[in-house]
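Spelled out, the chains give:
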Amino acid sequence: MKKLLCLALILALALIPVTGVQAESETARSFTLFEGNQSSTLNESNDDIMAWQKAQEATGIDVEFVHGDDNTLTMLIASEDLPDAILQNWATFPGGALGALDNAVIVELSEELLAEHAPNYWAYLQKWPEIKKMVTTDAGTHYQIAGIMTWETDESKGFTPVVDRAPCYESWMGLIARKDLLDAAGLEIPVTVDDWTAALRTLKENGVATPLSATVGNFKQSNLFAGAYGVAQGLYQDENGVAHYGPMEDAYKDYLTLLAGWYAEGLIDPDLAAVDGNSAKAKMMSGESAVTIGTGGWLGSMYDTVHEQDAQSTFYDIGVANPSLTADTQPMYGMKNYPYNLGVAVTPVCKDPTVVLDFYNYLWSDEGIVTANWGIEGQSYRFDANGLPEFDAETLEKNEWGYSASDMMMKVYMLNEAIPADMRNRLYQMTLYGTDEAVTVRKTWSNSTLPSTMPPYVVPADLSSDYATIGNDLQTYVDEMYVKFVMGLESLDNFEAFRDQLRKMGVENYLSIAQTALDNYNAR
């Protein structure tokens, strides 16, 4: 009898873990998420990033990642093998957000569902109506949890709750100048376009072979000098909500005339068409050039590279404000981005959208914003005296892979995700460089008046194909002619013929579609 009781007891105990596992699997919460490929070769998937690990632990929700490019997503849609959720820039998705909704790639999220399962995100939209306008359709339909770049309201007062964080119109690219070479030439920091013409000439006279060396892409993307003339490179809106296409404007010819004149004088790199980021930085560090167009990371990395090689070097690069046409005017456009550009949407195959919303609601919480942007306390960040998180470089460098603190950043925080992104995160990374200029430069570059691109409007689905096709064709032609005009391979006497060709390619229809979308957006 005792043997039978012992056997029964052993069998009962053996069943306990099995029953427990079954119960856990039945209640486990998870979802599949499509995202683009990793931006860093240090990670195979988001599972290798501290912030994603901590968020899954904090929520008890497991995220299975499906990484790939646009072609991967297209194949998943075509094969009807959709994940539960998709992270995407829905403005550039074929057919836009409306196309994705109409074709049942994603589903609408009701206000009631968002208010109940994403109350932190929902509260932010109510507090900041300009953001709500950006992340819904023209009809006010919600379809995503959006990623928004945000600012700390007042760092001196400590941590700012998510709901109170102001949207950040980020300026991350601009003019970088060798302050030591300006000083050696007896030059003040240029302010106006004429100041820059005089400064570049003086630098050349003082032995700087190529005063200004920058990539064509950075010339255009930054809208530097173009913004001084009141135009931007592609589609943009003016202060009255009117859509414009830069190359069709009379002032665009004035801008090209300026650059063509500089090129003819040898003030711009003669290898303009071939300049890449590495060559532009190399010429700055060697003194062959004194001005470039780049990012805060460029500024900091050049400073550190030179001073690591020669601690006594006088090399000192600074960020310079966007140039204006006259001393009493402000540049209309520069590099100024909207706070929103992507979001995560739920697909029809998701059996329980509340799982996705609950997960992102955590990331939009006061705890979640720190996790998403700074990683794990004690492993990647600590709190300063004001209660603000700061990266702990010393701890980061003590990693099993032997990576530097700056490389380790890619294994710490969520980059380009549907979160309240913390601008302090971006700025704090700049403190890893040896110059404070890398930290302050984004404010220096933020002196333009308006964003240089269109807001995140939605092109009507029946017009989206024409809009995309015409836009791509125009861009290809403008890119080609831009280099020819600046390098003198095409006379600016032919500028009107250039505009005629844009008309033949459908620029007026393109502008009409853009204006319709813009009017609908502004009426939201």
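What counts and how
- Residues numbered from 1 in each chain as written.
- Predicted model: local features only at pLDDT ≥ 70, side-chain atom pairs only at ≥ 80, totals over all residues.
- Heavy atoms only, no water.
- Helix = DSSP H or I, 4+ residues; strand = E, 2+ residues; numbered from the N terminus.
- Contact = heavy atoms within 4.5 Å.
- Axes fitted to C-alpha atoms, helices over the stretch in contact; angles between N-to-C directions.
- Parallel < 35°, antiparallel > 145°, perpendicular 65-115°, else oblique.
- Left-handed = near helix turned anticlockwise from the far one by under 90°.
- Nonpolar A, V, L, I, M, F, W, Y, C, P; charged D, E, K, R; others polar.
- Pairing = 2+ DSSP bridges.
- Salt bridge = Lys/Arg side-chain N within 4 Å of Asp/Glu carboxyl O.
- Buried < 20%, exposed > 50% of the residue type's maximum accessible area, 1.4 Å probe, protein only.
- Polar contact = N/O pair within 3.5 Å; in protein donor to acceptor, adjacent residues only side chain to side chain.
- pLDDT = per-residue confidence, 0-100.

A. Representation of the environment of Leu342 in the model. Considering the arrangement of structural elements, one finds Leu342 in strand S11 (residues 340–346). The sequence separation of Leu342 and Ile148 amounts to 194 residues, and the corresponding C-alpha distance is 8.3 Å. Discounting chain neighbours no more than four positions away, the residues touching Leu342 are Leu87, Gln88, Asn89, Gln144, Ala146, Gly147, Asn416, Glu417 and Ala418.

B. Quick peek at the packing of helix H20 (residues 464–486) against helix H22 (residues 507–522). The interhelical angle for the contact between H20 and H22, taken along N-to-C directions, is 130°, at an axis separation of 10 Å. In terms of their interaxial angle, H20 and H22 are classed as oblique. By crossing handedness, the relation of H20 to H22 is classed as left-handed. In this structure, H20 contributes Asp466, Tyr467, Ile470, Gly471 and Leu474 to the contact, and H22 contributes Val507, Asn509, Tyr510, Ile513 and Ala514. Class assignment of the residues belonging to the contact of H20 with H22 gives a composition of seven nonpolar, two polar and one charged.

C. Main features of the sheet that holds strand S10 (residues 317–320). Strand order in the open sheet formed by three strands is S9-S6-S10, with antiparallel pairing between adjacent strands. Each edge of the open sheet is held by one strand with a lone partner, namely strand S9 (291–295) and S10. Adjacent strand axes in the sheet meet at a mean angle of 40°, parallel and antiparallel pairs treated alike. Note: strand S6 (residues 173–178) against S10, four bridges, orientation antiparallel. Bridge pairing in S10 places Leu175 opposite Val320. Packed on one face of the sheet, helix H13 (residues 296–309) meets S6, S9 and S10 and runs near 115° to S9.

D. The pattern of salt bridges, seen in detail. Applying the stated rule across the entire model yields 18 salt bridges. For the salt bridge of Lys179 with Asp183, the shortest nitrogen-to-oxygen distance reads 2.8 Å. With Lys179 and Asp183 both in helix H8 (residues 179–184) and four residues apart, this pair spans about one turn of that helix. Close ionic contact of Asp392 with Arg382 constitutes a salt bridge, the shortest N to O distance being 3.4 Å. Residue Asp392 is located in the loop between strand S13 (389–391) and helix H16 (393–397), and its partner Arg382 is located in strand S12 (residues 381–383); the two are separated by ten residues in the primary sequence. On the basis of relative accessibility, which here comes to 12%, the residue Asp392 falls in the buried class. Owing to a relative accessible area of 40%, Arg382 belongs among the partly exposed residues under this scheme. Through salt bridges with shared partners, a single network forms among Asp250, Glu496, Arg499, Asp500, Arg503 and Glu508.

E. Fine view of unusual backbone geometry. Of note, Glu80 is a non-glycine position whose phi angle comes to about 55°, a positive value. As for its position among the elements, Glu80 is in the loop between helix H3 (70–78) and strand S3 (85–88). Assessed through its relative accessible area of 70%, Glu80 is described here as exposed. A positive phi angle, close to 60°, is found at Asn223, a residue other than glycine. Within the secondary structure, Asn223 sits in the loop between helix H10 (216–222) and strand S7 (235–237).

F. Local environment of the side chain of His244. Position of His244 among the secondary structure elements: in strand S8 (residues 243–245). For His244, a relative accessible area of 17% gives the class buried. Only 3.1 Å separates the side chain of His244 from the side chain of Glu249, close enough to count as a polar contact. Once residues within four sequence positions are removed from consideration, His244 is found in contact with Gly234, Leu235, Tyr236, Asp238, Glu249 and Leu511.

G. Spatial organisation of the confidence of the model for the chain. Here the chain shows a mean pLDDT of 90. Residues at 70 or above account for 94%. Low pLDDT, under 50, characterises residues 1–26; the stretch is placed with zero contacts to residues that sit more than four places away or in other chains.

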